[in-house]
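# Fold and contact review
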Amino acid sequence: MSDLDFSKLETLSVSIDQHIAHIQLSRPEALNSMIPIFWHELPATVRKIDEQSAARVIVISSQGKHFSAGMDLSVFTQMGKDFVGEPARRGERMRRMVLELQDSFNALESVRMPVLVAMQGGVIGGAVDMVCAADSRYCTEDTYFTIKETEIGMTADVGTLQRLPHLIPQGLVRELAYTGRNMGAKEAKESGLVNQVFADQESLLAGVMKIAAKIASNSPIAVAGCKEMINYTRDHSVADALNYMATWQTGMFQMPDIQEAMSAAQERRKPVYEELHKNISGMQRNK
């Protein structure tokens, strides 16, 4: 996958229009289960979009009846084959494997642009890990969420238990994790896991794209700053976060975007903002 050529992806379909990148899980016949290549394609795709500053917001949805059945059996089979050898070395290998899987969803959190997720049907196991790493979640009335790992004899290990307690009440997280029961769309909305519930997938995508368009119309540096600060605040004290905010503003608070926003408002037109610089190493040659 070079530059912005996403044509060779096996598990995803990608389109970019009007500053919105739309990533779809594209294996509906297999309930969009997360086969081994998915765990490489998803982070590579979102990071490539960020690297090239190709969009101001990312929307993730899926094709078919269900959003995702979670981690595919083939991943567990591969892990089982690796579960051999001297215990300490086997354990060290397992730790690296889990960290690699976690990094696939960390990418949603670390890219500069917001990530919105539009879900329908089942959001199961690893899919819950994934959507918890997004900025905002939206679903259809038939959506349900399941921390399935408990029912198959393991502890969820790719982000659900670390991120979900920041999204919904602790007691509810514990109940869902301990029981592995389904949580429907109504309960998800009432608990704050999802922002809105839509009647069907068509209205879901239309609604989420409308929100994405509004985000994309704003200054990309302002939006990126919001994401950076909200993520930082979640994991630090208020005092630390305020101090970081003050430091951030010493470099990021500049007048061009503010002046453009005010001029556009006065002239009753849409503001036009410069894109963020590409997110590539200074040691790399610009393409």
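Heads up: the structure comes first, above all this text.
Presented here is a report on the structure given in the accompanying data block. (Residues numbered from 1 in each chain as written. Predicted model: local features only at pLDDT ≥ 70, side-chain atom pairs only at ≥ 80, totals over all residues. Heavy atoms only, no water.)

Throughout the structure, instances matching the rule amount to 17 salt bridges. For lysine 48, the salt bridge identified is with glutamate 51, shortest N-O distance 3.2 Å. With lysine 48 and glutamate 51 both in helix 1 (residues 38–51) and 3 residues apart, this pair spans about one turn of that helix. Of the two residues examined, lysine 48 and glutamate 51, each falls in the buried class. Among the salt bridges present, the one from aspartate 235 reaches arginine 234, with a minimum N-O distance of 3.0 Å. (Salt bridge = Lys/Arg side-chain N within 4 Å of Asp/Glu carboxyl O. Helix = DSSP H or I, 4+ residues; strand = E, 2+ residues; numbered from the N terminus. Buried < 20%, exposed > 50% of the residue type's maximum accessible area, 1.4 Å probe, protein only.)

This part takes up the pairing of strand 4 (residues 115–119). The buried fraction of strand 4 amounts to 5 of the 5 residues, a majority that puts the element mostly inside the structure. Burial along strand 4 is two-sided: the residues Val115, Val117 and Met119 and Leu116 and Ala118 are all buried. Pairing of strand 4 with strand 6 (residues 136–140), which is carried by 4 bridges, proceeds in the parallel orientation. Among the inter-strand pairings, methionine 119 is bridged to a residue of strand 6, identified as cysteine 139. (Pairing = 2+ DSSP bridges.)

Here we take up the environment of serine 33. Position of serine 33 among the secondary structure elements: in the loop between strand 2 (20–25) and helix 1. The class for serine 33 is buried, based on a relative accessible area of 8%. For serine 33 and phenylalanine 67, which are 34 residues apart along the polypeptide, the C-alpha to C-alpha distance reads 8.9 Å. Setting aside residues no more than four positions away along its own chain, serine 33 makes contact with Arg27, Ser68, Ala69, Gly70 and Asp72. (Contact = heavy atoms within 4.5 Å.)

A separate point is the pairing of strand 3 (residues 57–62). Within strand 3, 6 of the 6 residues are buried, which leaves the element mostly enclosed by the surrounding structure. Bridge count between strand 2 and strand 3: 6 bridges; the pairing is parallel. Paired with isoleucine 23 across the two strands is isoleucine 60, which belongs to strand 3. Since strand 2 and strand 3 lie parallel, the crossover through helix 1 that links them has a hand, and here it is right-handed. (Right-handed = clockwise from strand over helix to strand, strands pointing away.)

On to the sheet that holds strand 9 (residues 196–198), then. Two strands in a sheet stick together by hydrogen bonds in their backbones, pointing the same way (parallel) or opposite ways (antiparallel). Pairing within the open sheet is mixed, and its 6 strands lie in the order 1-2-3-4-6-9. In the strand order of this sheet, the two ends are held by strand 1 (12–17) and strand 9, each with one partner. This sheet shows a mean twist of 20 degrees between the axes of neighbouring strands, independent of strand direction. Both strand 1 and strand 2 contribute to a ladder of 6 bridges, which runs antiparallel. Looking at strand 2, one finds that valine 14 is bridged to isoleucine 23. (Axes fitted to C-alpha atoms, helices over the stretch in contact; angles between N-to-C directions.)

Quick look at the state of the cysteines now. Tallying each qualifying case throughout the model produces 0 disulfides. The thiol of cysteine 139 is unpaired, and the distance to the nearest cysteine sulfur, on cysteine 132, comes to 13 Å. (Disulfide = S-S within 2.5 Å.)

A contiguous nonpolar surface patch, about 300 Å² in accessible area, is contributed by Phe253, Met255 and Met262. Summarising the element assignment, methionine 255 is placed in helix 11 (residues 255–267). (Patch = residues over 30% accessible without salt bridge, like charges linked within 9 Å, V, L, I, M, F, W, Y side chains within 5 Å. Areas by Shrake-Rupley, 256 points an atom, 1.4 Å probe, with all protein chains shown as cover.)

On to the sheet that holds strand 8 (residues 182–184). Here 3 strands make up an open sheet; going across it, the order is 5-7-8 and the pairing mixed. Two strands in the sheet have a free side with no partner beyond their single neighbour: strand 5 (122–124) and strand 8. Direction aside, neighbouring strands of the sheet carry axes that sit 20 degrees apart on average. As paired elements, strand 5 and strand 7 (residues 144–146) share 3 bridges and run parallel to each other. Along strand 7, the bridge assignment pairs isoleucine 124 with threonine 146.

Take helix 1 next. Between its terminal C-alpha atoms helix 1 stretches 19 Å, which fits the 20 Å expected from 14 residues at 1.5 Å a residue. Burial of helix 1 is extensive: 11 of the 14 residues sit out of reach of the surface. Structurally, helix 1 contributes buried residues whose contacts are with strand 1, strand 2, strand 3, helix 2 (73–82), helix 3 (87–110) and helix 4 (126–132). Positioned one or two residues after helix 1, serine 53 has a phi angle of 50 degrees, which is positive. (Expected span 1.5 Å × (residues − 1).)

Any pair of aromatic rings gets described here by the distance separating the centres and the angle formed by the planes. Evaluation of the coordinates by the stated rule reveals 4 aromatic pairs. Ring plane angle 45 degrees and centroid distance 4.3 Å describe the contact between tyrosine 232 and tyrosine 244, whose orientation is recorded as tilted. With tyrosine 232 in helix 9 (residues 220–234) and tyrosine 244 in helix 10 (residues 238–252), this pair connects stretches of sequence that are 12 residues apart. Taking 6.4 Å as the distance between ring centres and 75 degrees as the angle between the ring planes, the aromatic pair formed by tyrosine 244 and tryptophan 248 counts as edge-to-face. On the criterion of helical spacing, the pair formed by tyrosine 244 and tryptophan 248 is a turn pair, its members being 4 residues apart in helix 10. (Phe/Tyr/Trp six-rings, centres within 6.5 Å; stacked < 30°, edge-to-face > 60°.)

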